[in-house]
Structure formats: C-alpha cells, structure tokens
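An overview of the molecular structure
What follows is the residue order along each chain.
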Amino acid sequence: MSEGTMQRRVQRDQRDQRDQRAKRLNRVLVCAAAVPVMLVASGCSSDSGSGDSTDKAANAAASASASPSPTVKAAAYGKLPEPCKVLSKKTLKDLVPEGKSGKEGKSDDISTRAGCSWNSLDNNGVKGSQFRWLNVSMLRFESDATRGPADKLAQEYYAKQVEEAQGVEGAKSTKSEPVTDIGDQATAVRYDLKKKEGTFKQQTVVARVENVVVTLDYNGAGLAGDKAPSADDLTKDAKKAAEEAVEAVSEANGAGGKAGDAPSKSPSKSASKPAEGASKEPSKEASSSPSKSSSGKPASKS
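A few points on the structure. (Residues numbered from 1 in each chain as written. Predicted model: local features only at pLDDT ≥ 70, side-chain atom pairs only at ≥ 80, totals over all residues. Heavy atoms only, no water.)

**Section: the overall build of the chain**
- The helix and strand inventory of the chain stands at 4 helices and 7 strands.
- Put simply, the chain runs from its N terminus to its C terminus through helices and strands in the order α-α-β-β-β-α-β-β-β-β-α.
- In the chain, which comprises 302 residues, the share counted as buried stands at 38%.
- A sequence separation of at least 24 residues applies to 65% of the contacts in the chain between residues at least 6 apart. (Helix = DSSP H or I, 4+ residues; strand = E, 2+ residues; numbered from the N terminus. Buried < 20%, exposed > 50% of the residue type's maximum accessible area, 1.4 Å probe, protein only. Contact = heavy atoms within 4.5 Å.)

Have a look at this one:
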C-alpha cells in the first residue's frame, strides 16, 4: 500500500471519529436541554396543586364565617326588686327594731345590682345597748355568648361569696351550713369578730335563685356592758330574711320568674361587681358598728 493511500485512509478514519463524537455530543446536549423542561413542567404541576389547596382552605374559612354564632340559654330573670322593699315591715321590726328607713346603695343599673342596709341601736343607758346591722345585696347576671349562660355565671359568683364569708380575717368560731328551701342553693356562714366596742356576732346567708345572687349580712353585739346576742337566734332571723329576699326577686319577675331576656352579646358592665350598697357603712347613728368590707361583712381590723 502506497504512502498516499495510507494517508487518505487515516484522514477518513479521523473524520469518522469526529462525526461519531459530534453525534454523541449532540445527544448529550439534547438530553441536558430536556431536563429543565421537565423540571419546569413539574414545577407548574406543583404550583397548580398548591393553588387548589389554598382555594379549598379559603372556601372552608368563608363557610365557617358564614355559619351562625353559638347561642346560650336566655337569662331567667330580667330585673331586680326595689332593694329597700324586699323585706316586710314585720321582718325589719324583728331584726332591726330601732331601725329607720333603709339606706339604698348606689348603683348605675338597679336592674342588675342593688342593695339596701338598715341599722338599729337599742340604748338602755347604764345597762348597755344592743346593736344590729342588716344589709341585703343582689346581683343579677346576663347570658353571654363568650362567658356562658347567666345561671352558670351566678353559680360561680355564689361560690366566691361563700368562700369570702368563710375566710374573713380575724373571725373566730366560723361555722358553715347548707340551707334548704331558699332559692336554688344557699349557705349560711356565721362567726364571732372581736372589736373594741365588743364581740360582734356575724351571720351571712348567700343564696342563688336562677341568675341572681342574694347576699344577706346580719350582725349584732351587746355594747357598753350588755350581753352578746344569741348566735343561734341571729342565724335563724338571717335565714328567714334571706328567704324573704329571694322570694321578692322571683315575684319581681312574675309568678314563673321568667323575664324572657334574649341572650346578650356582651357581658353587662355592672354585673362584674357586687352592689355598692354592701360596701357602705351604717348611718352615723350606728357609729359603734364595725366598719364593713366590700362584701357587707365586718372588717377584721378596728
């Protein structure tokens, strides 16, 4: 084979090799270009799914917001009686025999909270004197979609009132007992409290009827050397008066006691605190009486 023939053959083989390398390179480039296209297609598919999920979530939220708000049972009682008229003249004569007309507590809404107090000082000169102090406070709750039904709110406040009466600082010989036949639930708490004027016998009866809580405070003391009154007698009188006050609440709302209040959308502003009448001291003629706490009970310090 001549030298020229061999050279041409080598050149042809080199061209064939270049052509094969070019074909392989083209195939690699084509495959590489196809990968982003697939990724883009996959990304579009993924975005489409995300959009569907977002739409579904938005539709669910819109459906939930369109549903009606929950309602609660309407309050049974829609008003309170006149606080200074909840007790009969006979009862007042028995409990505060030397008492004048009652002193009504201040309230910005007497249909929600109200109170009245009476005091009596039976002065027997050198033989001493007998002091009595009586207070009735009433607090009515309204149903609220957030806080709950009115009777449940009244139950919670009732429990707090009982607990407060049982935990007065300085109280001695504290006794508590449930009381039947007064409203839906009632508790009587009694204790002794020593003051510079003498030993005071304190009785507190807390009662709940439907969505109203009645707190009756009654205390007595023998002053200037007179003997202390009987705690049993004072407790008996306090229970009788509390029962009368609860009945007055029911009567003020009709025979069935159903005022038909619609559920309230917001809590009553005045239903979060007790009647201010319970926080006031007796009138000046009862200056020998102990100072009162916000719940209508004697304070623990002189």
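We are not done yet, so read on.
**Some thoughts on unusual backbone geometry**
- Non-glycine residue Asp-181 carries a positive phi angle of around 65°.
- Along the chain, the position of Asp-181 falls in the loop between β4 (172–178) and β5 (185–195).
- Residue classification places Asp-181 among the exposed residues on the basis of a relative accessible area of 67%.
- Of note in this structure, Ala-224 is not a glycine but carries a positive phi near 55°.
- Along the chain, Ala-224 turns up in the loop between β7 (212–223) and α4 (231–252).

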